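# Reading the structure
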Amino acid sequence: MGKALADAFPLAREVFGRVDAALSQKLSKIMFEGPEAELTLTANAQPALMASSMAALEVLEKESGLHVRKDAAFVAGHSLGEYSALCAAGSLTLEDTAKLLHLRGDAMQKAVPPGEGAMAAILGLDFGIVTRIATQAASDLYLTGAICQAANDNGGGQVVISGTKEAVARAVELAKLAGAKRAVPLSVSAPFHCALMHPAALAMEAALKHVAIRPPKPHLVANVTASELDDPEAIRSGLVEQVTGTVRWRESVIYMRAQGVTRFVEVGTGKVLAGLIRRIAEGTVVQSVGTPEDVMTFSTAANH
């Protein structure tokens, strides 16, 4: 992860080095060389994804001459990506972002004992229907502490649910009965974005009290509100609420489109969000920039 950027651009290497120093850990070595099992530990994966995004962004800005803080209308990120968005918008320093995400990943992993939680992707049903199914699944079981919630409203008919193992399994059954195209259990290390993450939310609340947050430039479209969130204290609260709340990605994209956005650029590893945006906001220009080739293609177009 990120090795091609580091090999091609000294500026990317500098970003990875700063993250390593902030964490007092050779995260970049794990990213470039593995082992994969260590990289996929949530405490490593979250800051690693952010580091890749910020390395790609720093290089993109230098090569293209375009800059997020003066040329973009909004920033947004999906779950942990919201931290990358805040870093890109100058709300958080790179070092604080790395430390927060390492803590966030560790706290999420520790919040629920292995095997007690689960997540599943429901395809082909509206968000409202999936929300009702999740509520019904938890109440059907009559188990103490049964939890099932809509974790990610990803758009394009894709909703991810999260909660206790039995409740999620029941919701998968109900979704199939309701006509879902697919209802698929996900291989995840913890049940993210549901009430089971409450201990992690408390950990983030404590950590965020000691971190400086500046107003973002441009505006942040937040996961918890699906609208602009610029006040530092509201952002702080939103990052805590986000741990147990729904990632409202579909609504966030719809909001940006309604504000006149016609071009979206996904920066960092992967192209998942670009695919979701294409289905949510048809007719917009959507690009992914994560590799040296992507950077040069984007930069060439920007400079002509």
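The present account deals with the structure reproduced in this document. Within each chain, residue numbers correspond to sequence positions counted from 1 in written order. Local features in this predicted model are restricted to residues of pLDDT 70 or higher, and side-chain atom pairs are both shown and tallied only at a pLDDT of 80 or more, whereas totals for entire chains, interfaces and linings draw on every residue. Heavy atoms from the whole structure form the basis of all side-chain values; hydrogens and water molecules are not counted.

## A closer look at the overall build of the protein
The secondary structure content of the protein amounts to 15 helices and eight strands. The globule rule used here is 2.2 Å times the number of residues to the 0.38 power, and the radius of gyration it is set against is calculated over C-alpha atoms. Relative to its length of 304 residues, the protein is compact, with a C-alpha radius of gyration of 19 Å against a globular reference of 19 Å. Taken along its principal axes, the extent of the C-alpha atoms in the protein is 60 × 45 × 35 Å. Here the protein holds 304 residues, and 51% of them are scored as buried. Note on contacts: a residue pair qualifies if any of its non-hydrogen atoms lie within 4.5 Å across the two residues. The long-range share in the protein, meaning contacts at least 24 apart out of those at least 6 apart in sequence, stands at 70%. Reported accessibility uses the Shrake-Rupley method at a 1.4 Å probe radius. Residues are deemed covered only where the shown protein chains occlude them. Summed over its atoms, the accessible surface of the protein is roughly 13600 Å², and 55% of this surface lies on carbon and sulfur atoms. Asp and Glu count as negative and Lys and Arg as positive, but His and the ends of the chain are not part of the count. Where a charge lies is defined by one atom per residue type: Lys uses NZ, Arg uses CZ, Asp uses CG and Glu uses CD. Where the 28 positive side-chain charges of the protein centre and where its 31 negative ones centre are 2 Å apart. Helix and strand labels come from DSSP, where a helix needs a run of H or I of at least four residues and a strand needs a run of E of at least two; each type is numbered from the N terminus. Only protein chains enter the accessibility calculation, which uses a 1.4 Å probe; a residue whose area is less than 20% of its type maximum is buried, one above 50% is exposed, and one in between is partly exposed.

## Digging into the packing of aromatic side chains
Ring geometry is summarised as follows: Phe, Tyr and Trp rings, the Trp one being its six-membered ring, pair when their centres sit within 6.5 Å, and such pairs are stacked at plane angles under 30 degrees, edge-to-face over 60 and tilted between the two. Applying the stated criterion to the full structure yields two aromatic pairs. An angle of 90° between the planes, with centres 5.3 Å apart, marks the rings of phenylalanine 16 and phenylalanine 32 as edge-to-face. One end of the pair, phenylalanine 16, is in helix H2 (residues 10-23); the other, phenylalanine 32, is in helix H3 (residues 27-33), and 16 residues separate them in sequence. When its relative accessible area of 3% is taken as the criterion, phenylalanine 16 is described as buried. Residue classification places phenylalanine 32 among the partly exposed positions, given a relative accessible area of 26%.

## Examining the pattern of salt bridges
Here a salt bridge means any side-chain nitrogen of Lys or Arg lying within 4 Å of a carboxyl oxygen belonging to Asp or Glu. Summed over all chains, the structure comprises eleven salt bridges. With a closest N to O distance of 3.1 Å, aspartate 71 and lysine 70 form a salt bridge. Residue aspartate 71 is classed as partly exposed on the basis of its relative accessible area of 40%. Note on lysine 70: relative accessible area 57%, which makes it exposed. Across the pair arginine 248 and glutamate 251 runs a salt bridge, and its minimum N-O distance is 2.8 Å. Relative accessible area serves as the criterion here: at 25%, arginine 248 is assigned to the partly exposed category. Given the relative accessible area of 26%, glutamate 251 is considered partly exposed. Residues joined in a network through salt bridges with shared partners are Asp140, Arg170 and Glu173.

## A short note on the packing of helix H9 (residues 127-140) against helix H10 (residues 165-177)
Every axis corresponds to a line fitted to the C-alpha atoms, with the helix fit spanning only the stretch in contact, and the corresponding angles, defined between N-to-C directions, vary from 0 to 180 degrees. Two numbers describe how H9 lies on H10: the axes approach to 8 Å, and their chain directions differ by 125°. In terms of orientation, H9 and H10 fall into the oblique class. The way H9 lies across H10 gives a crossing that is right-handed. Contacts between H9 and H10 involve Ile133, Gln136, Ala137, Ala138 and Asp140 on the former and, on the latter, Ala167, Arg170, Ala171, Leu174 and Ala175. Oblique is the label for every angle not falling under 35 degrees (roughly parallel), over 145 degrees (roughly antiparallel), or within 65 to 115 degrees (roughly perpendicular). By the definition used in this description, the sense in which the near helix is turned from the far one sets the handedness, with an anticlockwise turn below a right angle giving left-handed and a clockwise turn giving right-handed.

## A short note on the pairing of strand S3 (residues 148-155)
Taken residue by residue, a regular strand's side chains alternate between the two faces of the sheet. In terms of burial, S3 is largely enclosed, as seven of its eight residues are buried. Linkage of S3 to strand S4 (residues 158-164), two consecutive antiparallel strands, is achieved through a turn of two residues, within which glycine 156 is found at a positive phi near 65°. At least two bridges found by DSSP between two strands are what make those strands a pair.

## Section: the side chain of asparagine 152
Inspection of the secondary structure assignment puts asparagine 152 in strand S3. The contact partners of asparagine 152, leaving out residues within four places of it in the chain, are His78, Gln158, Val159, Val160, His193, Thr246 and Val247.

## Some details on unusual backbone geometry
Geometrically, the link from glycine 34 to proline 35 is a cis peptide bond, its omega value of 5° lying close to zero. In this structure, proline 35 sits in the loop between H3 and helix H4 (36-39). With an omega of 10°, the peptide bond between lysine 217 and proline 218 qualifies as cis. Structurally, proline 218 is set in the loop between helix H11 (198-208) and strand S6 (219-220). Non-glycine residue serine 24 carries a positive phi angle of around 50°.

## A look at the pairing of S4
By the criterion of burial, S4 is predominantly enclosed, with six of the seven residues buried. Across seven bridges, strand S2 (residues 117-123) lies against S4 in antiparallel orientation. Its bridge partner being in S4, alanine 118 is matched across the sheet by glycine 163.

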